[in-house]
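What follows is each chain in one-letter form.
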Amino acid sequence: MNHSDSPINTTNTMVNILCLDDDAMVLHTFKSLFGNDYNVHTATDPFDAYNIMKSENIHIIISDLEMPSMSGTHFLQRMAQEFPKAQRILLSGNITAEAMLSAINQARVFRVSTKPFKKEEMNDTLQAAFKNYQEMAEKENSIKRLEKQNAQFEFLLRQQMLS
């Protein structure tokens, strides 16, 4: 990967990606392609993936659509509820319009990608997803900062009214 293709990362921290697929070969391929540029965590089971989500600061979740124990859409929907900043990408070899609508409307996925994917396209998707993650984190920090400032102003106003 040349320097212009490096992941966009203004925080100087390694981008954490979780890739969930019941096919170990897909996970191996993903880690081989992106493991040097991203901190890639893999899981073949949604329950293992959930444990990774709880223990690591995952920025991007990639999930296969069709898995034996749980659909990727259902898994990503659960992750959207518990880890709303984590950007969600759904992978599928063949996705129906109904499954795509479900992924967008219920799991609020950032993107739907096809399998097999092209390295350049997936890298562009990962960069865009991380940029979106950073923007959401910055908005959250701005809201917290404004809430703190508002509380300080309210305190000063009360103090002024009392004197």
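Predicted model only: the values in this text are computed from it and were never measured.

Below, the discussion takes up the packing of helix α2 (residues 46–55) against helix α3 (residues 72–82). Taken N-terminus to C-terminus, the directions of α2 and α3 make an angle of 20°; their axes are 11 Å apart at the nearest point. Relative to α3, α2 is oriented roughly parallel. As for the relative orientation of α2 and α3, their crossing is right-handed in sense. In contact with Pro46, Ala49, Tyr50 and Met53 of α2, α3 contributes Phe75, Met79 and Glu82. Considering only residue class, the contact of α2 with α3 consists of 6 nonpolar, no polar and 1 charged.

Quick look at the packing of aromatic side chains now. In the structure shown here, the tally under the stated rule is 6 aromatic pairs. Between Phe30 and Phe117, the aromatic rings sit 6.0 Å apart at their centres with planes inclined by 70°, giving edge-to-face as the arrangement. Of this pair, Phe30 sits in helix α1 (residues 24–34) while Phe117 sits in the loop between β5 (111–114) and α5 (119–162), placing them 87 residues apart in sequence. When its relative accessible area of 0% is taken as the criterion, Phe30 is described as buried.

Every buried residue of α2 is listed here: Pro46, Ala49, Ile52 and Met53. Viewed end-on, α2 has its buried residues packed into an arc of 115°, placing them on one side of the element. The outward face of α2, more than 90 degrees from its buried face, is lined by the exposed residues Phe47, Lys54 and Ser55. In this structure, the buried side of α2 is in contact with β1 (16–20), β2 (39–43), β3 (60–64) and α3. For α2, the N-terminal cap is Asp45; the gap from its side-chain oxygen to the backbone nitrogen of Phe47 is 2.8 Å.

Let's shift gears to the sheet that holds β5. The 5 strands are arranged β2-β1-β3-β4-β5 in an open sheet whose pairing can be described as parallel. Of all strands in the sheet, those bounded by a partner on one side alone are β2 and β5. Sheet twist, expressed as the mean angle between neighbouring strand axes with direction ignored, is 20°.

With respect to the secondary-structure elements, Glu140 resides in helix α5. With a relative accessible area of 31%, Glu140 lands in the partly exposed category. Taking the C-alpha atoms as reference points, Glu140 and Lys85, separated by 55 residues in sequence, lie 9.5 Å from one another.

Omega for the peptide link from Lys115 to Pro116 comes to -5°, which places this bond in the cis form. Structurally, the position occupied by Pro116 is in the loop between β5 and α5.

Our focus in this paragraph is the pattern of salt bridges. If the charged atoms of two oppositely charged side chains come close together, the side chains can form a pair. The final tally for this structure, using the stated rule, is 6 salt bridges. When salt bridges with common partners are traced through the structure, they connect Asp21, Asp64 and Lys115 into a single cluster.

Once that is clear, we can look at a nonpolar patch on the surface. On the surface, a cluster of nonpolar side chains totalling about 350 Å² of accessible area is made up of Phe153, Phe155 and Leu156. Mapped onto the fold, Phe153 is located in helix α5. Residue class for Phe153 comes out exposed when judged on its relative accessible area of 56%.

Calculation rules
- Residues numbered from 1 in each chain as written.
- Predicted model: local features only at pLDDT ≥ 70, side-chain atom pairs only at ≥ 80, totals over all residues.
- Heavy atoms only, no water.
- Axes fitted to C-alpha atoms, helices over the stretch in contact; angles between N-to-C directions.
- Helix = DSSP H or I, 4+ residues; strand = E, 2+ residues; numbered from the N terminus.
- Parallel < 35°, antiparallel > 145°, perpendicular 65-115°, else oblique.
- Left-handed = near helix turned anticlockwise from the far one by under 90°.
- Contact = heavy atoms within 4.5 Å.
- Nonpolar A, V, L, I, M, F, W, Y, C, P; charged D, E, K, R; others polar.
- Phe/Tyr/Trp six-rings, centres within 6.5 Å; stacked < 30°, edge-to-face > 60°.
- Buried < 20%, exposed > 50% of the residue type's maximum accessible area, 1.4 Å probe, protein only.
- Arc of directions from axis to C-beta.
- Polar contact = N/O pair within 3.5 Å; in protein donor to acceptor, adjacent residues only side chain to side chain.
- Pairing = 2+ DSSP bridges.
- Salt bridge = Lys/Arg side-chain N within 4 Å of Asp/Glu carboxyl O.
- Patch = residues over 30% accessible without salt bridge, like charges linked within 9 Å, V, L, I, M, F, W, Y side chains within 5 Å.
- Areas by Shrake-Rupley, 256 points an atom, 1.4 Å probe, with all protein chains shown as cover.

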